[in-house]
Amino acid sequence: MGWEALQLWDATRIEALSGGVANDVWSVRVGGALAVARLGSRSDADLAWEAGLLQHLDRNGMTVPVPIPTTDGRLFAAGLTVMTYVEGGAPETAADWRRVAETLRQLHRLTPGWPQRPGWRSSTDLLSATTGTKIDLTAMPPEGVARCRAAWARLAGRQTCAVHGDPNPRNIRVTADRVALIDWDEAHADVPDLDLALPHNAAGLEAAAYDIAAQASAAWEAAVCWDDDYSKRRLAEVRVVSLIH
């Protein structure tokens, strides 16, 4: 059905938005209000998981894009979701990033033991599994896989929760009174460390903890984006196995 499904919201498209890789993203107007519509190939189970997480976070005081129902009450249809528009700018200062870190910790506190996104694997699942949604370790060089798994092994045994999965400046909206997280395409259940290797060490991690988080995060992004230039740069940051303690 494609963008024709937008009629289910009685919405109109305004303009294409940049930043979407896996999806086609547009600003839209629903009942006079600005919103964001995203069209992709996610399964209904995947979209239901995302919608449920965002509703849970919204109910518990976090600022996130909230799914807008169709006129007959559905939260998505034919791969299309429509969500509230979130205003704000990217974090710029160390103080901004400390606020981002607290927002991510709030996410983690609200979701201990959150169920896994359908089809996904956590970083520690990939110590034995080879595939999961966007990740296919069989496509990576074996030596690179070994390095990634050595980084993830340092997270074994830790409590999992919902993680945003991609807290880069494009996916953060800061205003004077709140921090919002947008673009939850990479969200899944994992160890919270993956969200906490932030600029300025904004999460206040001790040196060893920051090293664990940074190495695990670099390994994750290498695997989930393989094999573009960015993923290769990230893999280069993951130390060879013999140097990981």
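Residues numbered from 1 in each chain as written. Predicted model: local features only at pLDDT ≥ 70, side-chain atom pairs only at ≥ 80, totals over all residues. Heavy atoms only, no water.

J.: Just give me the short version of the sheet that holds strand E1 (residues 11-16), but keep the residues and values in it.
T.: Within the open sheet, the 4 strands sit side by side as E1-E2-E3-E4. Their pairing is antiparallel. The open sheet has two free edges, formed respectively by E1 and strand E4 (80-84), since each of these has just one partner strand. Averaged over all adjacent pairs, the angle separating strand axes in this sheet is 35°, with direction ignored. As paired strands, strand E2 (residues 24-30) and strand E3 (residues 33-39) are joined by 7 bridges and run antiparallel to one another. The partner of Val25 across the bridge, within E3, is Arg38. (Pairing = 2+ DSSP bridges. Helix = DSSP H or I, 4+ residues; strand = E, 2+ residues; numbered from the N terminus. Axes fitted to C-alpha atoms, helices over the stretch in contact; angles between N-to-C directions.)

J.: Could you give an account of the pattern of salt bridges, naming the residues involved and the relevant values?
T.: Side chains that differ in sign of charge can pair as their charged atoms come close. Taken as a whole, this structure holds 14 salt bridges when the rule is applied. For Glu50, the salt bridge goes to Arg38, with nearest N and O atoms at 2.6 Å. You can see Glu50 sitting in helix H1 (residues 44-59) and its partner Arg38 sitting in strand E3, a full 12 residues away along the chain. Here Glu50 matches Arg38 in class, with each residue buried. Here Arg74 and Asp72 are joined by a salt bridge, their closest N and O atoms 3.1 Å apart. Relative accessible area serves as the criterion here: at 38%, Arg74 is assigned to the partly exposed category. Three or more residues joined by partner-sharing salt bridges are found here, namely Arg38, Arg42, Asp46, Glu50, Arg117 and Asp185. (Salt bridge = Lys/Arg side-chain N within 4 Å of Asp/Glu carboxyl O. Buried < 20%, exposed > 50% of the residue type's maximum accessible area, 1.4 Å probe, protein only.)

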